[in-house]
Amino acid sequence: MKETSAKNYYLNEFSYDDGEYEITFNIIDIDFVNQTITVAITRCGKITQDTFQLLRDKDGKLYFEYGMFYENKISVADFKEVL
């Protein structure tokens, strides 16, 4: 994915297995100016929304940290468009 417009990312989805549950992230908003991402998080049938700070790895790819201690890196490039 190229960083072009926030509308290109709207509702893109990524599934993550934390070892206990499968968690699904859907992008609601991504703000390249303020470097934030807002996602809907589905876990155990419960849907929550949260905003995270966007960070860059050593290769320049955007990611955010998720988990109780923010130990999991979720890359924005891993999100796919839902058809």
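Provided above is the structure to which this section pertains.
I will try to describe carefully the structure that is included in this document. If you're wondering where the values come from, they're calculated on a predicted model, not measured in any experiment. (Residues numbered from 1 in each chain as written. Predicted model: local features only at pLDDT ≥ 70, side-chain atom pairs only at ≥ 80, totals over all residues. Heavy atoms only, no water.)

Time to look at the side chain of Asn72. Mapping Asn72 onto the fold places it in strand β7 (residues 72–75). On the accessibility criterion, Asn72 (17% relative accessible area) is buried. Among the polar contacts listed, one links the side chain of Asn72 to the side chain of Tyr16, at a separation of 2.8 Å. When neighbours within four sequence positions are excluded, Asn72 is seen to be in contact with Tyr16, Phe64, Glu65, Tyr66 and Gly67. (Helix = DSSP H or I, 4+ residues; strand = E, 2+ residues; numbered from the N terminus. Buried < 20%, exposed > 50% of the residue type's maximum accessible area, 1.4 Å probe, protein only. Polar contact = N/O pair within 3.5 Å; in protein donor to acceptor, adjacent residues only side chain to side chain. Contact = heavy atoms within 4.5 Å.)

Okay, the nonpolar core next. Within the largest apolar cluster, 18 residues are counted, with the highest numbers of intra-cluster contacts made by Phe25, Ile37, Val39, Phe64, Tyr66 and Ile74. Counting only elements with at least two residues in this core, the list comes to β1 (13–17), β2 (22–31), β3 (36–43) and β6 (62–66). Among the elements that take part in this core, β2 stands out by supplying 4 residues, more than any other. Setting aside residues no more than four positions away along its own chain, Ile37 makes contact with Ile27, Asp29, Ile30, Asp50, Thr51, Phe52, Leu54, Phe64 and Val76. (Core = buried A, V, L, I, M, F, W, Y, C linked by side-chain atoms within 4.5 Å.)

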